[in-house]
Structures are given as structure tokens and as C-alpha cells.
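The primary structure of each chain is shown beneath.
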Amino acid sequence: MSEVFHLNLTKAQLKGATIAIVPGDPARSERIAKHLDNPEFLTSTREFTSWLGYLNGQPVVVCSTGIGGPSVSICVEELAQLGVRTFLRIGTTGAIQPHINVGDILITTGAVRLDGASKHFAPLEYPAVANFECTTALYNAAKEKGKGIEPFVGITASSDTFYPGQERYDTYSGKVYRDYQGLLKQWQDLNVMNFEMESATLFTMCNALGLRSGMVSGVIVNRTQQEIPNEATIKASEEKAISVVVEAVRKLVS
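Reading the values: rules and limits
Residues numbered from 1 in each chain as written. Predicted model: local features only at pLDDT ≥ 70, side-chain atom pairs only at ≥ 80, totals over all residues. Heavy atoms only, no water. Helix = DSSP H or I, 4+ residues; strand = E, 2+ residues; numbered from the N terminus. Expected span 1.5 Å × (residues − 1). Buried < 20%, exposed > 50% of the residue type's maximum accessible area, 1.4 Å probe, protein only. Arc of directions from axis to C-beta. Contact = heavy atoms within 4.5 Å. Core = buried A, V, L, I, M, F, W, Y, C linked by side-chain atoms within 4.5 Å. Phe/Tyr/Trp six-rings, centres within 6.5 Å; stacked < 30°, edge-to-face > 60°. Polar contact = N/O pair within 3.5 Å; in protein donor to acceptor, adjacent residues only side chain to side chain.

## Some remarks on helix H4 (residues 132-145)
Owing to its 3.6 residues per turn, the α-helix brings residues three or four apart onto one side.
Thinking step 1. In this model, H4 (14 residues) spans 20 Å end to end at C-alpha, consistent with the 20 Å of a helix rising 1.5 Å per residue.
Thinking step 2. Residues of H4 that are buried include every one of Cys134, Thr135, Ala137, Leu138, Ala141 and Ala142, and no others. On an axial view of H4, the arc spanned by its buried residues comes to 160°, and they lie on one face.
Thinking step 3. Buried residues along H4 sit against strand S5 (86-95), strand S6 (105-114), strand S10 (212-222) and helix H7 (231-253).

Structure representation (C-alpha cells):
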């Protein structure tokens, strides 16, 4: 019987795991788990699909969060109740700086808090920042997996919405509410690397609760060039980011 409200998991199922890889896409959970030793499917309920595997003999949970901060907060809260203390998010993203290319790896050190969920854990003055050890492990893993290619490290804009909050006009209405007009250029001018939808909640929550977190993303589109990613490049970017997060976990559990 589940010991938490949503994930349908028990502490016994996690075998003492204290580290989790948290993708957004439920289908990505299995792909990540297959990079671990002895992967075992645990359960799937709503957006939360979980697997267990091992690295260096240590148990590692892989659990999808779905899209956005609210579901991330549920996943992190319930895994923490079951003993997890370190959370590494892996995702895909749209870059907003012209010099960042499709296929590049981004490691987020801090997030612009454009979400609502993070405010349930700390006031807006509280920074959304990644854990140093997690960030270092991700950076070193990216350099190794990239065979000398330097990953981009910096700030992400983390929005609750995919369309207006990221100032997208390729929508049903073609309009963006005035409070969000011009924000894309503002974040570009402030050297923000990319948009995504989870890091602000993840970082704020984990720091406030005394947990560790980090984040790596694979770039699937550069929004200074186009809005829609090329399907042929998505999987390659995902696989590169997956290899980085798995190697980072290996470093953290060694």
C-alpha cells in the first residue's frame, strides 16, 4: 500500500535511495532508467512514472514530474517523505541567446522565479539557486560527455506557462497580455540562457527544505531562429542530457 498521497510508492520499494533523477516526461523515465544497472519499473500514476536502478551499487530513483512547478512540488515532497534528499532534474529547453545552439547542454545555477508554486515555499526575495555539489557534478559530467565541449552555465527563466509566460505569439490568439510583452528581450538583455517551467519551484523548494537539487537541459530549439523544434534533433539532445545526468549521479554516489 502506498505511503504517500500521489506517487503510489513505499519506502521499501526505494531500497534506501537518497537520490532521484526527475524528468518531466513520463516516457523519459524508462529511457533514463535503462542507463542504470538492473532497472526495475515501480509504478505509474497520473504524470508520475517511477523506476529504480543502481549506480556504483547505490539505489537511484527515476520519477517523472509532469510539466510545471505544482507537480514538481508534489513529486519532490513525496519522494522526500520516502527518504530522497538529492534531486537532479533533466529536461529539454528553448534557448533565447543567439550563441546557444541546438544540441548544446545548459546547466542552470539559478532561476528567475516567474512561477507561482515557489512562492508557497519562500517569499520572492528568496533566491532560486541550485546546490553547489549537484551543479559541479553536472558540469564535470557535461565536460566529460561532451568530449571537450564547454557546457553553458547560468540563469534560466522559469515560467508557469509555456505560451504567454514565455512570450510566444504562435498561438490561437496571437496575442500576449501586456504585462508579458517585451519580456523575452528583457531576459536576453539580462543574460538569461533559456526558458523552462520547473527549476524555480525545484530550487526554491529544495533549499527551503534543506534538500539538494541541480538541473541540466538539452537545447532542442533556439527561439532567436525559430519556435518549433526539428523533430530529428530532439532525441539526440535528450540523449545527450540524459547521459550527463546519469554520469553526474555516478559522481554524487561514488
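## What to know about the nonpolar core
Thinking step 1. Core analysis: the largest hydrophobic core is formed by 30 residues, its most contacted members being Leu14, Val61, Val76, Leu79 and Phe87.
Thinking step 2. Sorting the residues of this core by element identifies strand S1 (19-23), strand S3 (48-55), strand S4 (58-63), helix H3 (69-81) and helix H6 (199-209) as the ones contributing at least two each.
Thinking step 3. Every residue in contact with Phe87, bar those within four places of it in the chain, is listed here: Ala20, Val22, Val76, Leu79, Ala80, Leu202, Cys206, Leu211, Arg212, Ser213 and Gly214.
Thinking step 4. Core analysis: the second largest hydrophobic core is formed by 27 residues, Ile21, Val60, Ala142 and Ala241 among them.

## Focus: the packing of aromatic side chains
Thinking step 1. Enumeration according to the criterion identifies 3 aromatic pairs in this entry.
Thinking step 2. Residues Phe162 and Tyr163 carry aromatic rings whose centres are separated by 4.9 Å and whose planes lie at 80° to one another, so their mutual orientation is edge-to-face.
Thinking step 3. The exposure class of Phe162 is partly exposed, given its relative accessible area of 38%.
Thinking step 4. The exposure class assigned to Tyr163 is partly exposed, which follows from its relative accessible area of 41%.

## Here's the deal with the side chain of Ser118
Thinking step 1. Mapped onto the fold, Ser118 is located in the loop between S6 and strand S7 (128-129).
Thinking step 2. Relative accessible area serves as the criterion here: at 0%, Ser118 is assigned to the buried category.
Thinking step 3. Polar contacts involving the side chain of Ser118 include one to the side chain of Arg113, which spans 2.9 Å.
Thinking step 4. Setting aside its immediate chain neighbours within four residues, Ser118 contacts Arg113, Ala200, Thr201 and Thr204.

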